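Structural features, examined
In case you want the letters, here they are:
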Amino acid sequence: MFFPEVRMRRLRRNENLRRMVRENRVTVDDLIYPLFVMPGKDSIQEVSSMPGVYRFTIDRLVKEVEEVYSLGIPAVILFGIPEFKDEAATGAYDDHGIVQEAIRAIKKEVPDIVVITDVCLCEYTSHGHCGVIKDGEINNDITLELLAQTAVSHAEAGADMVAPSDMMDGRVAAIRSALDNEGFENIPIMSYAAKYASAFYGPFREAAESTPQFGDRRSYQMDPPNVKEAIREIELDIEEGADIVMVKPGLAYMDVVRAARENFDHPIAVYNVSGEYSMVKAAARNGWVDEKRIVYEILTGFKRAGADLILTYHAKDVARWIKEGTFGVY
Ligand code: PBG
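As the structure is a prediction and not an experimental result, all values here were calculated from the model. (Residues numbered from 1 in each chain as written. Predicted model: local features only at pLDDT ≥ 70, side-chain atom pairs only at ≥ 80, totals over all residues. Heavy atoms only, no water.)

1. Digging into the packing of helix 11 (residues 291-305) against helix 12 (residues 315-324)
Note the cut-off: Working convention: axes come from line fits to C-alpha atoms, limited for helices to the stretch in contact. Angles between N-to-C directions cover 0 to 180 degrees. Put simply, DSSP H or I for four residues or longer makes a helix, DSSP E for two residues or longer makes a strand, and each gets a number counted from the N terminus. Should an angle fall under 35 degrees it is called roughly parallel, over 145 degrees roughly antiparallel, and 65 to 115 degrees roughly perpendicular, with every other angle called oblique. Working rule for contacts: check all heavy atoms of both residues, and any pair within 4.5 Å makes them a contact. All residues other than Ala, Val, Leu, Ile, Met, Phe, Trp, Tyr, Cys, Pro, Asp, Glu, Lys and Arg, Gly among them, are scored as polar; the first ten of these are nonpolar and the last four charged.
Where helix 11 meets helix 12, the closest approach of the two axes is 11 Å, and the angle between their N-to-C directions is 100 degrees. The orientation of helix 11 with respect to helix 12, classified from their angle, is roughly perpendicular. The segment helix 11 lies against helix 12, with Glu291, Lys292, Val295 and Leu299 engaging Asp317, Val318, Trp321 and Glu324. Of the residues that constitute the contact of helix 11 with helix 12, the class distribution is four nonpolar, no polar and four charged.

What follows is the structure, given as structure tokens:
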């Protein structure tokens, strides 16, 4: 049958009909909220390139997490800005490091929220790279040991899930076996499996003070034109024991999310990264786009591409809009 018997517009005539045939929706259950924690007391600092995103001292972070949880968001992911940085990234696996202390403080006040930790060295190395440097190169195998130590120290502090974002080879297996050896066999790993070397991380590096002091991350993060390679990366992480696999960034990599969905049944997360957030905020502040509607389309697009979970700086706003019943309804 064709027109005039077929009329696609019949099911679009009003909002109730549209609701009935809507194929994908974002729920608050899908959201993971990224948070930055810094040393000090009773203070917050707005990240200038990310309006509405702050770095919190631990005491203020706990209040923020209470608010996040009261909005119904099930999980946060923590990034630390340490007191000092060195060549060996000691702050990353210090039992009393910034993230370890933040986890303890959150778990005391908001025990049920899922606390995920980003496991990487770049915020803790003096040179800003995600691994240890040896003979002028980012050394893969030495780094694995430190990443495993970092993950274990997060679990010991009470983290519910660890998320390695370094892109070293073999890190999921190294972290899995270290966690299991220490009795943390129930702590899942969400791996940043297909993580691209991207300019979209610019604002994050300001927030986390993790800009590499020389060179760039292209010898470990993926080359943007590749998608078959992403499938291999994801496959390897799954074989090494990843429980959830992530694609990052999101917007320019929706096809990678779709390819991952078609190849794997594991839960898939997508990271709607800092630069994606900043672009929306900047355009919205100029009155050039309608922020709520743009965010609705972006996040719904991730679901349509096949993502199950979305890490996004928009999470608190989205949770509020969903609660009010105004997300995607206008
Ligand atoms: C750490 C890490 C980065 C992001 C998450 N974990 C930065 C990077 O790889 O340079 C980026 C997140 C964002 O841009 O929102 N390796």
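2. A word on the pattern of salt bridges
Our working definition: Within this document, salt bridges are pairs made up of a side-chain nitrogen of Lys or Arg and a carboxyl oxygen of Asp or Glu, the two lying within 4 Å of each other. The classification of residues rests on relative accessible area computed with a 1.4 Å probe and restricted to protein chains. Under 20% of the type maximum is buried, over 50% is exposed, and intermediate values are partly exposed.
Scanning the model with the defined rule gives 20 salt bridges in all. Residues arginine 18 and glutamate 15 are paired through a salt bridge, measuring 3.2 Å at the closest nitrogen-oxygen approach. One end of the pair is arginine 18 and the other is glutamate 15, both in helix 1 (residues 15-21) and three residues apart, which spans about a single turn. Classification of glutamate 15 as partly exposed rests on a relative accessible area of 24%.

3. Notes on helix 11
Quick reminder of the rule: Every helix has an expected span of 1.5 Å times one less than the residues it contains. For the purposes of these results, a polar contact is taken to be a pair of N or O atoms within 3.5 Å, where, inside protein, one atom must be able to donate a hydrogen and its partner to accept one; residues adjacent in sequence count only when each atom of the pair is a side-chain atom.
For helix 11, built from 15 residues, the straight-helix expectation of 21 Å at 1.5 Å per residue is met to within 8% by its first-to-last C-alpha distance of 21 Å. For helix 11, the complete set of buried residues consists of Glu291, Val295, Tyr296, Ile298, Leu299, Thr300, Gly301, Phe302, Lys303 and Ala305. Close packing links the buried residues of helix 11 with strand 1 (31-38), helix 9 (254-263), strand 11 (268-272), helix 10 (274-285), strand 12 (309-312) and helix 12. The backbone nitrogen of lysine 292 lies 3.3 Å from a side-chain oxygen of the residue at the head of helix 11, namely aspartate 290. Glycine 306 occupies a position one or two residues after helix 11 and carries a positive phi of about 120 degrees.

4. Side note on a nonpolar patch on the surface
Threshold: Note on patches: the residues involved have over 30% relative accessible area and no salt bridge, like charges join within 9 Å, and the nonpolar side chains Val, Leu, Ile, Met, Phe, Trp and Tyr join within 5 Å. Methods summary: accessible areas were calculated by the Shrake-Rupley approach with a probe of 1.4 Å, and residue burial reflects only the protein chains presented.
Together, Leu11, Met20 and Val21 make up a nonpolar patch on the protein surface, roughly 310 Å² of accessible area in all. Assignment of secondary structure puts methionine 20 in helix 1.

5. Some points on the site of the ligand
Stated formally: Working definition: residue near molecule or strand if any one of its non-hydrogen atoms lies within 4 Å of it.
By nearness alone, 19 residues border the ligand, and Lys195, Arg205, Lys248, Ser274 and Tyr313 come closest of all. Interatomic distance of 2.7 Å between a side-chain N/O atom of lysine 195 and an oxygen atom of the ligand. In the model, an oxygen atom of the ligand is placed 2.9 Å from a nitrogen or oxygen of the arginine 217 side chain. When the ligand sits alone it has 400 Å² of accessible area, and the protein chains cover 100% of it. Of all the secondary structure elements, the ones that give two or more residues to the shell around the ligand are strand 9 (190-195) and helix 7 (202-208). The class makeup of the residues in the shell around the ligand is eleven nonpolar, three polar and five charged.

6. Considerations on a negative patch on the surface
As a reminder, the rule being used: When charges are counted, neither His nor the chain ends are considered; positive counts come from Lys and Arg and negative counts from Asp and Glu. Charge placement uses NZ in Lys and CZ in Arg. For Asp and Glu, CG and CD serve respectively.
Judged by side-chain charge, Asp94, Asp95, Glu156 and Glu182 come together as a negatively charged surface patch. Mapped onto the elements, aspartate 95 comes out in the loop between helix 3 (90-93) and helix 4 (98-109). A residue is classified by how much of its surface remains accessible, and aspartate 95, at 38% relative accessible area, is partly exposed.

7. Side note on helix 6 (residues 171-181)
Taken together, the buried positions of helix 6 are Arg171, Val172, Ile175, Arg176, Ala178 and Leu179. For helix 6, the elements touching its buried residues are strand 5 (114-119), helix 5 (140-157), strand 8 (161-164), strand 9 and helix 8 (228-240). Following helix 6 by one or two positions, glycine 183 adopts a phi angle in the positive range, close to 85 degrees.

8. Quick notes on the side chain of threonine 125
Mapped onto the elements of the fold, threonine 125 is located in the loop between strand 5 and strand 6 (132-134). Setting aside anything within four residues of it in sequence, one finds threonine 125 in contact with Lys85, Asp86, Glu87, Ala89 and Gly131.

9. Focus: the pairing of strand 3 (residues 54-57)
Note the threshold: Whether two strands pair comes down to DSSP finding at least two bridges between them.
Pairing between strand 1 and strand 3: three bridges, direction parallel. When the sheet's bridge partners are listed, methionine 38 is paired in strand 3 with threonine 57. As judged from the three bridges shared by strand 2 (residues 44-46) and strand 3, these two strands associate in the antiparallel manner. Bridging across to strand 3, glutamine 45 finds its partner in arginine 55.

10. Quick word on the packing of aromatic side chains
Put simply, the rule is: Centre distance within 6.5 Å is the pairing criterion for rings of Phe, Tyr and Trp, where only the six-membered ring of Trp is used; planes under 30 degrees apart are then read as stacked, over 60 as edge-to-face, and the remainder as tilted. Our definition puts a charge over a ring when NZ of Lys or CZ of Arg is within 6 Å of the ring centre and also within 35 degrees of the ring normal.
If you walk through the whole model with that rule in mind, you get eleven aromatic pairs. Plain terms: the ring middles of tryptophan 321 and phenylalanine 327 are 6.1 Å apart, the flat faces sit at 20 degrees to each other, and that makes the pair stacked. As far as the burial class goes, tryptophan 321 and phenylalanine 327 line up, both buried. Taken together, Phe36, Phe79, Tyr192, Phe204, Tyr271, Tyr277 and Tyr313 form an aromatic cluster joined through their ring pairs. It is lysine 248 that lies over the ring of tyrosine 201; its NZ or CZ is 4.3 Å from the centre. The ring of tyrosine 271 has lysine 248 sitting right over it, with the charged end atom 5.0 Å from the ring centre.

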